[in-house]
Each structure stands twice: as C-alpha cells, then as structure tokens.
Amino acid sequence: MILVLACICAILGHILFFIVNRRKLQLTRSWDGPFHLPFMGSAYLILFRNLEQILIVVLDMLENYKTPIMKAWFGPYLLVGVKKPEHIQVILNSNDCLDKSFIYDFLPIQGAFTLPTEAWKLLRKQLNPSFNLKILKNYIPIFNDKSRLMIKQMRRELGKTIEFDMHNYMARCMLDSFYATNLGMQSDIQTVERSEYIEAAERLFDLAIHRTLRPWIHPNVIYNLTSDGKEFKNLTEIFEAPTVKIMKECDMSNRKNVKKLNGYNDDNDDDDVEINRPQSLIEQLLKLDPKIFDEKTIREELITMQFAGTDTTSTTISNLIVLLAMHPEIQEKMVDELRQLYTSKDQPVEYEDLVHLEYMEMVIKESMRIWPIAALYARASRNEVDLGDGNILPNNAEIAISVHSVHHNPEYWANPNVFDPNHFLPEIEAKRHPYAFLPFSLGPRNCIGYRYAWFAMKVIVANLLRSYKFETSLRLDSVTFKISMLTKLCGKYRVRITERKF
C-alpha cells in the first residue's frame, strides 16, 4: 500500500512539475543536458562526491554538451549553463540578470557582492569614491612595505629542498595589506606562524559550497542543528572578528562630523580629485549617509571587502608564482623586463612604473585565463531574456557562466591548455571577443576592486621576482582543483626558492 501511494505521489509530482514549468521546458527543449529524475532532477550527479569531484562533474556538463547552452534541473531549480561570449555579453549587461544566484545566499559574506539589484545599485554608487584612482595610488607604498616584509619572512625557506606552501605567505601578506589600506590598522599577521582568520575562511567556504549542493540542508532550522551548521557558526565568529574589532574602535555616533570634516560629496569618485594621503575604506564608509548605511551595512561590506581584497588576490598571485615556477623561461623574461626598470632589488615600485610592466601584465592575464580563480559566475534571471540568436533565457533561471569553458575555448585561444603569455599580445587581443576573457567579470556588476587588485599584483610580483627564483615539482598537466568560493589547487601551492642575483 505504501509503495502504491509513493508511486502515485511521484507520478502526480512529475505531472505538476511539467505543468508549473511548461514555459521553461518549452524554451529549453533544444538545449542539451543530463537526464533528470522526478524531484531530484540531475542532482544525483554530485551526490556523495567531494569538492574536487564536483568541480570535474560541473565543468564536464558545461563543456562537453554540443549546444552552446546547456540545461540541468537540480530539484526545483533550472540551471542554465552558458559558455559563448556573445551570450555572456548579453547576460552580464542585462538589467534582468543583475541579481546574483541563490547559491551565494549561503556564503559568510553579504554586502555588495550578494545584494539584490536595487540595493546593490545604491551601495555601488556610494562605494565608488572609495576606489578613486588617487586613493589607490597612495596604497602603493603600503604594498611595497608589506611585500618586503613577506620576502623577509620567506628567507627561512632558502636552501631547503622541501617545498613550502606559497599561498600561506601570500594570504598573510594580502591580509596585512588589507588591514593597512582598508581598515587603517597595523597587524602582526605576517610574523606569526598561523592565522585563525585564513584557516576559518578556507573551511567556511568549503562548508558553504557543501551546503549549496545539498538542498535538504538549505533551511536554516535544519542546518543549524547539524554538526556542519554548528561549525559554520563558530568559524563565522572568527571570520568576522577583525571587522568587529575595528568597528568597536570607531566612533559611530560622530559619523556626521566625519562626513563634514572630510568635505565629502557624491561626485568625489573623479580620478582627478587629489588625495594627499592613503584613505582607508572604513574612512570612506563612515562618510556615507548613516540613515541608509547603518552600522550593520558597513560591517557586512567590510567583511565582504576583506575576503574580496585578500583571498582572491592572494590566490591569483599564488597561481602565478606556481605557473612561473613551472615555466622558468617565462619567469626569466619577466625578470629581464624588471631589470630595464630597476637597478636593485630593494628599489620601491612606483605608480609610474606599472604602465611599463607590459610583459608582466600579459603573464598575469594568462595566469588568470588558464587558472581562473572563479570557474563559474552565477546569476539569476528575473524575466525572460532574448540572447539574440533565437535562444531565450527563461524567467527565474539560475545561470552558470562558465568562465573556465570560455577561457579554454580553442576558437578564441590558439593553445588553450598551454601557458602562453603571447595570447595577450596587443594585436591578438584586439581581434578577440571582449567577453572571451573574464578575470574580474564584466558589465555593470563587475568587480569594484579590480584596480586595487592590479596595483597589488604588479607591486608584489615585481618585488618577489627581484628577490627570489621559484621552482616546483608540480606540472601543468597533473595539477587538480577543488570547487569552493574560489577555484583552488588541491593540496598546496608547492614551491622552492633560491636567492636571485639582481
């Protein structure tokens, strides 16, 4: 009897699914996708798999179906995977696709990164002055100082035959830089052996992805009772501790006076406005209208910026250093370029130098192409969107933009699986579709801190390569990655160093 009832419920559920989703099924009927089961959809493909295996499955689905758009049902959610630059351009610039996917709701960061469209637009407009070019230029001495401290700490690795984890040093350097530039505080994080924040962040995002892919623990009332939920809560306190500390030290009651004293106006995001000293992000946030941007909003934004300004950049530089260690000829060519600009390894990098580091920029771009730190960008459609070639994106679809797929498409890259900076020669780059390369996303909701990241990367890499030569036993064709908030190497970013004569 129970079995009969179960079968009847399954049949009725499947009929209801077709009725409710009739329009979506009609629009997507010509798109390839995996077989889907009643209720579960295609979720069976990722059940009981680890984060490394899940990344392989997801990328395989997005890249190996013949149609340029793929579809998959995960429970009640329609996932639409796109990998064609023309489609990506439409989606990233559509007002109906500005909302982030629900999958970001489970992350320990909120702020501008995950806000609904209207709230994001208001916050983005107010945050733009915090990334004024003149403000960012004044961060360059800080990036010099913090990278030199990292180089000093790395000297303990000289002469060792055992490889060490480059990301361990790089993550602490970027966190130290963030504290100085964005929170206006000094830290001892580079002089201690381990960082609770970095360890908590790594585990938190693994837990968040794990939850995202298991719909039965989406409800908070259920998740909070699980061991993962309790661990997530405890780690979140560690993750937010630096921001909570600095917020307690701010005089939130005096914000109007801060705003007046600093002569704030809505138009001071002009790059021509002169800034005579480094201004921290928190200084900029405290100038905002307290009726709109209350203490909770500021705290969430600082927590988001702390992650975005540290883990993303530190992972990108760690990727680059490992790739350079694998390709010594490219590493030496970068050093040759540095020798044209600098007479010693201790000479500080100046803002005016950055434009002359043309080959370095090509190499950094190539590292972000071949190992994108975000394999996917996830958006949500709020209305049907015409993609321009007869394909229509359904309403209320979860959109997976496959950065990895477009970055490895031989139609746009001559040697997609080879680390080749010549992919970014100006004459070649000019012929490529602008949405075939997506390191910081594109469109109105792109990364607000992309110039901060570029300044940090160029300064830090210039100082590192003048100090050390990097080697590794890792090989390009044998490394594996795991899916988390960022796409990271499984294991460690293993390198060895020797002193460089410069």
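Definitions and cut-offs
For every chain, the first residue of the written sequence is number 1, and numbering continues from 1 onward in sequence order. The predicted origin of the model limits local features to residues at a pLDDT of at least 70 and limits the giving and counting of side-chain atom pairs to 80 or more, whereas totals for whole chains, interfaces and linings rest on all residues. The side-chain figures draw on all heavy atoms in the structure; neither hydrogens nor water molecules are used. UniProt positions are given in the numbering used here, feature names are shortened, and annotations may be inferred rather than shown by experiment. At least two bridges found by DSSP between two strands are what make those strands a pair. Secondary structure is summarised from DSSP: a helix means a run of H or I of at least four residues, a strand means a run of E of at least two, and numbering begins at the N terminus for each. Axes here mean lines fitted to C-alpha atoms, for a helix over just the part in contact, with angles spanning 0 to 180 degrees between N-to-C directions. Multiplying 1.5 Å by the helix residue count minus one yields the expected span of that helix. Any pair of residues with heavy atoms lying within 4.5 Å of one another is described as a contacting pair. What qualifies as a polar contact is a pair of N or O atoms within 3.5 Å, subject to a donor-acceptor requirement within protein and to the restriction that residues adjacent in sequence count only when both atoms come from side chains. What makes a salt bridge here is a side-chain nitrogen of Lys or Arg within 4 Å of a carboxyl oxygen of Asp or Glu, nothing more. Joining through side-chain atoms within 4.5 Å is the link that ties buried Ala, Val, Leu, Ile, Met, Phe, Trp, Tyr and Cys residues into a set, and such a set is a nonpolar core. The classification of residues rests on relative accessible area computed with a 1.4 Å probe and restricted to protein chains. Under 20% of the type maximum is buried, over 50% is exposed, and intermediate values are partly exposed. Stacked, tilted and edge-to-face are the three classes applied to pairs of Phe, Tyr and Trp rings, where Trp contributes its six-membered ring and a pair requires centres within 6.5 Å; stacked means planes under 30 degrees apart, edge-to-face means over 60, and tilted covers the rest. By definition here, charges over rings are those cases where NZ of Lys or CZ of Arg is within 6 Å of the ring centre and within 35 degrees of the ring normal.

In the nomenclature of an unreviewed UniProt entry, the protein chain is known as Putative cytochrome of Corethrella appendiculata. Under the heading Function (unreviewed entry), UniProt records this for the protein chain: "May be involved in the metabolism of insect hormones and in the breakdown of synthetic insecticides."

Trainee: With reference to specific residues and values, describe the sheet that holds strand 4 (residues 376-380).
Mentor: In a beta sheet, neighbouring strands are held together by backbone hydrogen bonds and run either parallel or antiparallel to one another. Ordered in space as 1-2-7-4, the four strands form an open sheet in which the pairing is mixed. Both outer strands of the open sheet, strand 1 (69-74) and strand 4, are each paired with one neighbouring strand and no more. Sheet twist, expressed as the average angle between the axes of neighbouring strands with direction ignored, equals 25 degrees. Sheet topology places strand 2 (residues 77-82) next to strand 7 (residues 398-402); four bridges connect them, and they run parallel. From the neighbouring strand, Gly-81 faces strand 7, where its bridge partner is Ala-400.

Trainee: So what's going on with helix 10 (residues 196-212)? Residues and values would help.
Mentor: Compared with the 24 Å implied by 1.5 Å per residue over 17 residues, the 24 Å span of helix 10 between its first and last C-alpha is a close match. In the core, the buried residues of helix 10 are packed alongside helix 3 (51-64), helix 9 (166-182), helix 11 (220-223), helix 12 (227-249), helix 15 (295-326) and strand 9 (481-483). Where helix 10 begins, the capping side chain belongs to Ser-195, and its oxygen is found 3.3 Å from the backbone nitrogen of Tyr-197.

Trainee: For the pattern of salt bridges, give the residues involved together with the corresponding values.
Mentor: Evaluated as defined, the whole model comprises 23 salt bridges. Sharing partners across several salt bridges, the network here consists of Glu-202, Asp-206, Asp-311, Lys-482 and Lys-488.

Trainee: An account of the UniProt feature "binding site: heme" (unreviewed entry) in the protein chain is needed here, citing residue identities and associated values.
Mentor: According to UniProt, the positions carrying the feature "binding site: heme" (unreviewed entry) are Cys-447. Secondary-structure assignment places Cys-447 in the loop between helix 20 (426-429) and helix 21 (450-467). Excluding anything up to four places from it in sequence, Cys-447 contacts Arg-124 and Phe-440.

Trainee: Can you break down the nonpolar core residue by residue, with the values?
Mentor: One finds Met-154, Met-166 and Phe-470 to be the most contacted residues of the largest nonpolar core, which totals 157 residues. Ranked by residue count, the leading element in this core is helix 15, at 13 residues. Filtering out sequence-adjacent residues up to four positions away, Met-166 remains in contact with Met-154, Ser-318, Ile-321, Leu-464, Phe-470, Tyr-493 and Val-495.

Trainee: Go over the side chain of Thr-28 with me, naming the residues and quoting the values.
Mentor: Mapped onto the elements of the fold, Thr-28 is located in the loop between helix 2 (22-27) and helix 3. In this structure Thr-28 comes out as buried when scored by relative accessible area, which is 0%. Those residues in contact with Thr-28 that lie beyond four places of it in its chain are Lys-71, Leu-78 and Pro-394.

Trainee: Describe in detail the side chain of Ser-314, supporting the description with residues and values.
Mentor: Structurally, Ser-314 is set in helix 15. A polar side-chain atom of Ser-314 sits 2.8 Å from the main-chain carbonyl oxygen of Thr-310. Sequence-distant contacts of Ser-314, defined by excluding residues within four places in its chain, comprise His-167, Met-170, Ala-171 and Met-174.

Trainee: Report on the packing of aromatic side chains, specifying residues and quantitative values.
Mentor: Two numbers describe a pair of aromatic rings. These are the distance of the centres and the angle of the planes. In the structure shown here, the tally under the stated rule is 18 aromatic pairs. Both rings, one in Tyr-197 and one in Phe-239, keep their centres 5.2 Å apart while their planes meet at 10 degrees; by these two values the pair is stacked. You can see Tyr-197 sitting in helix 10 and its partner Phe-239 sitting in helix 12, a full 42 residues away along the chain. Take Tyr-197 and Phe-239: they sit in the same class, and that class is buried. Ring geometry for Trp-413 versus Phe-424: centroids 5.4 Å apart, planes at 50 degrees, classification tilted. Note that Trp-413 is positioned in the loop between helix 19 (403-407) and helix 20 and Phe-424 in the loop between helix 19 and helix 20, a separation of eleven residues in sequence. For Trp-413, a relative accessible area of 0% translates into the label buried. Aromatic ring contacts, followed pair by pair, group Tyr-197, Phe-205, Phe-239 and Phe-307 into a single cluster. Positioned over the ring face of Tyr-104 is Lys-100, at 5.4 Å from the centre of the ring.

Trainee: Which residues make up the environment of Ile-15, and what values do they have?
Mentor: By the element assignment, Ile-15 lies in helix 1 (residues 2-20). Judged by its relative accessible area of 45%, Ile-15 falls in the partly exposed class. As for Ile-15 and Leu-123, which are separated by 108 residues in sequence, their C-alpha atoms are 43 Å apart.

Trainee: Go over the pairing of strand 2, please, and point to the residues and values.
Mentor: Counted residue by residue, strand 2 has five buried out of six residues, so it is predominantly covered. Sheet analysis places strand 1 next to strand 2, joined by six bridges and oriented antiparallel. Bridging across to strand 2, Ala-72 finds its partner in Leu-79.

Trainee: Kindly report on the sheet that holds strand 3 (residues 164-165), identifying the contributing residues and their values.
Mentor: Here three strands make up an open sheet; going across it, the order is 3-11-8 and the pairing antiparallel. Across the chains shown, the open sheet's two edge strands, defined by having one partner strand only, are strand 3 and strand 8 (468-471). Pairing between strand 8 and strand 11 (residues 494-499): four bridges, direction antiparallel. From the neighbouring strand, Phe-470 faces strand 11, where its bridge partner is Ile-497. On the sheet, helix 21 packs against strand 8 and strand 11 and is oriented at approximately 90 degrees with respect to strand 8.

Trainee: Requested: an account of helix 18 (residues 358-370), with residues and values cited.
Mentor: The periodicity of an α-helix, 3.6 residues per turn, causes residues three or four places apart in sequence to face the same way. The end-to-end C-alpha separation of helix 18 is 19 Å, in line with the 18 Å expected for 13 residues at 1.5 Å each. Along helix 18, eleven of the 13 residues are buried, which leaves the element largely enclosed by surrounding structure. Along helix 18, the residues that are buried comprise Tyr-359, Met-360, Met-362, Val-363, Ile-364, Lys-365, Glu-366, Ser-367, Met-368, Arg-369 and Ile-370. Its buried side turned inward, helix 18 meets helix 15, helix 16 (328-341), helix 19, helix 20 and helix 21.

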